[in-house]
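Results of the structural survey
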Amino acid sequence: MATEETNQLSLDDKLFTVRRKTLNQSHITLDERLCSECLNRICTYVCPAEVYVWDEAAKKIDVRYENCLECGACRVACEAIEWANPAWGTGIAYKNS
Amino acid sequence: MTKCEVVIVGAGPAGIACGYVLAEAGVDVIILERGQYPGAKNMFGGIFFADQMNKLIPEFYTEAPVERFVAKKHYALLINDSEVSLNIDSEEHKKPPYNHSYIVRRSVFDKWFAEKAKAQGATIICGTAVTDFVWRDRRIIGVTADTADDDDNVLLADVVVCAEGANSMLSEKAGLRNRLSMRARCISVKEVIELGKDVIDERFGLTAREGAAYEYFADATPGMLGDGFIYTNMETLSVGVGVVISELYGRRNPPSPNQLLDRFKNHPCIRPLVKGGKTLEYSAHMIPMDGFRNLPRFYTDGLMLVGDAAGFVNNSICHEGVNMAMASGIMAAETILANRQERRYDARALRQYEHRLKNSFVLQNMKNSRDFIDILRTHKELLNNYPHLVQDVITSYFKVSDVPKSTVKRDISRMLRSRVSVVKAARTVMALMRGGI
Ligand SMILES: Cc1cc2nc3c(=O)[nH]c(=O)nc-3n(C[C@H](O)[C@H](O)[C@H](O)COP(=O)(O)OP(=O)(O)OC[C@H]3O[C@@H](n4cnc5c(N)ncnc54)[C@H](O)[C@@H]3O)c2cc1C
Ligand code: SF4
Ligand code: SF4
């Protein structure tokens, strides 16, 4: 939780500040064959919303697309990622930024 | 299938400025915007550099949702636990037109600007992301969009202007550039932190609508090419950091952008400025870092790129993008108006757009600072060693002790000689000057 003095919020709390509408359909797809050979996994640290999480048991990337902030950094960092704008004006709607 | 004269993709400063000028001249222009409203998906630092805006809408700042004007500038190198900084507090900048520098929030400001373009007669359709182009004989003749109504997802036009911003997928689809590389984009994150006007005025030494722009380098993003910033809105602060994406790649224990921001906020020189505040919104956006040498092509048959989509950001000391976005949008509009009689918008006709860019500050400034980022990239000592050295020199010089100053000076000069190759430092400085700092 937030502490008044230091103003440090968890990422979940930060993401909670962003207004959005989410579809039940991901706007992100991965070429998972490339992931299995990937050594660096830049997707897991380049994303400001930490949408990509490595699932060790399933040996694949878990994509929490509903947290996406639509910056595009992931698709720039890795060509296994196919990214599209969320359809019909869904996704984020900033009020204060 | 609907048809209009000009389709503009994206209602940011570039697209709206383009639409404004066209609509004013009576052109049938439609702007398609993916967000629920213009500004819904936009974020920047930021300072709106407003000379273009002031020409388009004289004294716009008297009615636009501007937070504050930039009365104070603060450039700082963060070094370990302290900072070395330069303050610019100019009386001249406190008078209209305030050095054309206004602090705004894009989610509010873009909406206002879009209304102005509508008043000129531009049509703006929100909630519509453009997915691709429509081609005929290798010429772009329109766009497809993801409207809810599947039958009506094509919009034809005499000419298309792509004002998509930094994450431009259409410029790739048009073949004007390769897929974006991670050296060509910076990822930045920001928090808008509420403190109230009184607290902000007191902490930053401001009154009335005076605002402050604080830019941080060196340990703002330790060992990486990036920067941090604080801008004062009226009741809130915009606090953020950005880092070139390739700088994260291959690092041991790479931080995420969010972790970098938390570290920045926790730096002993930053913490007192933000403490006690409440985070109202977290946001993320990319910044073009293409640089003059790696810019895409700006036009093809039936299409022009403007603003961030074309890579027009001058990244020397701060990110100067909105003025270039507006200027390029206006130049694209002027190019269209000049060719409107013949209705010819093939690549030959649109070459005029590039001429206009070359003769303006847009490409000239990009050219002047063409080496700046490359030098920082290849001379990592500028970020990693020299700032710390400056810090050590200053700390020893001002240290209160009974060692005579002459001895201190001697020690400093020894320290300098052992840690810097004078020749190398001189070369770096020369390179920076040539690079257009
Ligand atoms: C952290 C940060 C700090 C910055 N600080 C400053 C600063 O202080 N001063 C400054 O001058 N510049 C600054 N910049 C740069 C500045 O924000 C940009 O240069 C400027 O916004 C570019 O304007 P644009 O109209 O080209 O693009 P944008 O403002 O990004 O607008 C693009 C528009 O197109 C829409 N769009 C995108 N794709 C589609 C699609 N397929 N279909 C429909 N709509 C679409 C978007 O939703 C958006 O509304 C900063 C940028 C960042 C990220
Ligand atoms: S998405 Fe890309 S970076 Fe992430 S694991 Fe797969 S290949 Fe690697
Ligand atoms: S677009 Fe940005 S926020 Fe969304 S998944 Fe990619 S990196 Fe994360």
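Per chain, residue numbering runs from 1 following the sequence as it is written. For naming, the first written chain is A and the first written ligand is 1, with later ones following in the order written. Side-chain atom pairs in this predicted model are given and counted only at pLDDT of 80 or more, local residue features only at pLDDT of at least 70, and totals for whole chains, interfaces and linings cover all residues. Excluding hydrogens and water, the side-chain values take into account all heavy atoms of the structure.

The helix and strand inventory of chain B stands at 16 helices and 19 strands. Against the globule reference of 22 Å for 437 residues, chain B gives a C-alpha radius of gyration of 23 Å, in line with a compact fold. Each principal axis of the C-alpha distribution contributes one length, and for chain B these read about 85 × 45 × 40 Å. Burial classes follow relative accessibility: with a 1.4 Å probe on protein chains only, a residue under 20% of its type's maximum area counts as buried, one over 50% as exposed, and anything between as partly exposed. Counting over 437 residues, chain B shows a buried share of 61%. Long-range contacts, defined here as pairs at least 24 residues apart, represent 72% of the contacts in chain B between residues at least 6 apart. A run of H or I in DSSP counts as a helix once it spans at least four residues, and a run of E counts as a strand once it spans at least two, with each numbered from the N terminus. We compute the radius of gyration from the C-alpha atoms alone; for a globule the expected value is 2.2 Å times N to the 0.38, where N is the number of residues. We call two residues in contact whenever any of their non-hydrogen atoms come within 4.5 Å of each other.

Turning next to the overall build of chain A. Regarding its fold elements, chain A presents 4 helices and 6 strands. For chain A, the sequential pattern of α-helices and β-strands runs α-β-β-α-α-β-β-α-β-β. Taking as baseline every contact in chain A between residues at least 6 positions apart, the subset at least 24 positions apart corresponds to 58%. Charged residues are defined here as Lys and Arg on the positive side and Asp and Glu on the negative side; His and the ends of the chain fall outside this count. To locate a charge, the coordinates of NZ of Lys, CZ of Arg, CG of Asp or CD of Glu are taken. Considering chain A, the positive charge centre built from 11 side chains and the negative charge centre built from 15 side chains are found 5 Å apart.

Where interface size is given, it is often the accessible area lost as the parts come together that is meant. Facing the 45 residues of chain A at the interface are 58 residues of chain B. Buried surface area refers to the total accessible area, computed with a probe of radius 1.4 Å, that the two partners give up upon joining, counted for both partners together. Together chain A and chain B conceal approximately 4400 Å² of surface at their shared face, both sides included; 47% is due to carbon and sulfur atoms. The three residues of chain A that bury the most area against chain B are Arg75, Tyr94 and Ser97 of chain A, which together make up 17% of that side's buried surface. The salt bridge criterion pairs a side-chain nitrogen of Lys or Arg with a carboxyl oxygen of Asp or Glu, the two atoms within 4 Å. Summed over the shared surface of chain A and chain B, the number is 6 salt bridges. Among the salt bridges present, the one from Glu70 of chain A reaches Arg34 of chain B, with a minimum N-O distance of 4.0 Å. The definition of a polar contact used here is a pair of N or O atoms within 3.5 Å, where within protein one atom must be able to donate a hydrogen and the other to accept one, and adjacent residues in sequence count solely through side-chain atom pairs. Our count for the contact surface shared by chain A and chain B stands at 33 residue pairs in polar contact (both at pLDDT 80 or more). Elements that contribute at least two residues to the side of chain A that touches chain B include exactly α1 (11-16), α3 (43-46), α4 (73-77), β5 (81-83) and β6 (91-92) of chain A. In terms of residue count, α4 of chain A provides more of the side of chain A that touches chain B than any other element does, 4 residues in total. Any residue outside Ala, Val, Leu, Ile, Met, Phe, Trp, Tyr, Cys, Pro, Asp, Glu, Lys and Arg is labelled polar, Gly included; the first ten of those are nonpolar and the last four are charged. Among the residues making up the side of chain A that touches chain B, the classes are represented as 23 nonpolar, 11 polar and 11 charged.

Residue and element names in this part refer to chain B. What counts as a ring pair is set by centres within 6.5 Å for rings of Phe, Tyr and Trp (its six-membered ring), and what kind of pair is set by the plane angle: stacked under 30 degrees, edge-to-face over 60, tilted for all other angles. A complete count under the given rule lists 18 aromatic pairs over all chains for this structure. Each ring, one from Phe60 and one from Trp112, has its centre 6.5 Å from the other, and the planes form 45°; the classification is tilted. Taken together, the residues Phe60 in the loop between α2 (51-56) and β4 (68-79) and Trp112 in helix α3 (residues 106-120) connect sequence positions 52 residues apart. One exposure class covers both Phe60 and Trp112, and it is buried. Pairing Trp112 with Phe113 gives two aromatic rings, centres 6.4 Å apart and planes at 25°, and the pair type is stacked. The exposure class of Trp112 is buried, given its relative accessible area of 13%. Residue class for Phe113 comes out buried when judged on its relative accessible area of 1%.

All names here are of chain B. Here an axis means a line fitted to C-alpha atoms, over the contact stretch when the element is a helix, while the angle between two N-to-C directions is reported on a 0 to 180 degree scale. Closest axis-to-axis distance for the helix α14 (residues 386-398)/helix α15 (residues 405-419) pair is 9 Å, and the angle between their directions is 165°. On the basis of the axis angle, α14 is roughly antiparallel to α15. In this structure, α14 meets α15 at a crossing whose hand is right-handed. For the pair α14 and α15, the contacting residues are His388, Leu389, Asp392, Val393, Ser396, Tyr397 and Phe398 in the first and Lys405, Val408, Lys409, Ile412, Met415, Leu416 and Arg419 in the second. Across the contact of α14 with α15, the residue classes break down as 8 nonpolar, 2 polar and 4 charged. When an angle is under 35 degrees it counts as roughly parallel; over 145 it counts as roughly antiparallel; between 65 and 115 it counts as roughly perpendicular; any other value is oblique. If you view the pair so one helix is near and one far, a crossing is left-handed when the near helix is turned anticlockwise from the far one by less than a right angle, and right-handed when it is turned clockwise.

So, on to the pairing of strand β5 (residues 82-89) of chain B. Residue and element names in this part refer to chain B. At least two bridges found by DSSP between two strands are what make those strands a pair. In this structure, β4 lies alongside β5, joined through 8 bridges in antiparallel fashion. Looking at β5, one finds that Ile79 is bridged to Ser82. Here β4 folds back onto β5, and the loop between the two strands holds 2 residues, one of which, Asn80, carries a positive phi near 45°.

Next up on the list: empty space enclosed by the protein. Residue and element names in this part refer to chain A. In this analysis a 1.4 Å probe is tested at points of a 1 Å grid over the protein atoms alone, and where it fits but cannot get out there is a cavity; an open set with protein on both sides within 12 Å along at least five of seven lines is a pocket; lining residues have an atom within 4 Å of a point. Grid points are joined across faces, edges and corners, and a volume is the space filled by probe spheres set on the points. Enumeration according to the criterion identifies 2 cavities of 30 Å³ or more in this entry. There is about 80 Å³ of room inside the second largest cavity. What lines the second largest cavity is a set of 14 residues, among which Cys47, Pro48, Cys68, Cys71 and Cys74 lie closest to the centre. Its residues placed into classes, the lining of the second largest cavity shows 12 nonpolar, 1 polar and 1 charged.

Our focus in this paragraph is the layout of surface pockets. Residue and element names in this part refer to chain B. Looking at the second largest pocket, its volume works out to about 420 Å³. As for the second largest pocket, its lining consists of 26 residues, and the residues nearest its centre are Ala184, Met289, Asp290, Gly291 and Asn294. Going through the elements one at a time, β18 (314-315) and α12 (372-378) are the ones with two or more residues in the lining of the second largest pocket. Among the elements that take part in the lining of the second largest pocket, α12 stands out by supplying 4 residues, more than any other. A class-by-class count of the residues in the lining of the second largest pocket yields 10 nonpolar, 8 polar and 8 charged.

What follows concerns the site of ligand 3. Residues and elements named next belong to chain A. Nearness of a residue to a molecule or strand requires only that one of the residue's heavy atoms be within 4 Å of it. Taken together, Ile28, Cys47, Pro48, Val51, Tyr52, Cys68, Leu69, Glu70, Cys71, Gly72, Cys74 and Trp83 form the complete shell of residues around ligand 3. Judged by the proximity of its atoms to the pocket grid, ligand 3 belongs to the second largest cavity. Here the residues of the shell around ligand 3 are counted per class, giving 10 nonpolar, 1 polar and 1 charged. For a molecule to be placed in a cavity or pocket, more than half of its atoms must lie within 2 Å of the grid points of that cavity or pocket.

On average, chain A scores 92 in pLDDT, and the residues at 70 or more come to 94%. Each residue carries a pLDDT value, the predictor's own confidence for that position, ranging from 0 to 100. Per-element confidence in chain A ranges from a low mean pLDDT of 92 for helix α2 (residues 32-36) of chain A to a high of 98 for β6 of chain A.

Attention now goes to the domain arrangement of chain B. Residues and elements named next belong to chain B. Throughout, the edges of the domains are those of an automatic or database domain assignment. Along its sequence, chain B is organised into domain 1 (2-65 + 104-177 + 296-368), domain 2 (68-103 + 179-292) and domain 3 (373-435). Measuring from the centre of the C-alpha atoms in domain 1 to the corresponding centre in domain 2 gives 27 Å. Opposite the 31 residues of domain 1 that make contact, domain 2 presents 34 residues. Among the residues of domain 1 in contact with domain 2, Met43, Ile47 and Tyr61 are the three that bury the most area, contributing 23% of the side total. Run the count over domain 1 and domain 2 and you get 1 salt bridge. As a salt-bridge pair, Arg177 and Asp290 come within 3.0 Å of each other at their nearest N and O atoms. Put simply, domain 1 and domain 2 have 9 residue pairs in polar contact (both at pLDDT 80 or more) between them. Of all elements in the fold, only β3 (47-49), α2 and α11 (361-368) reach the threshold of two or more residues within the side of domain 1 that touches domain 2.

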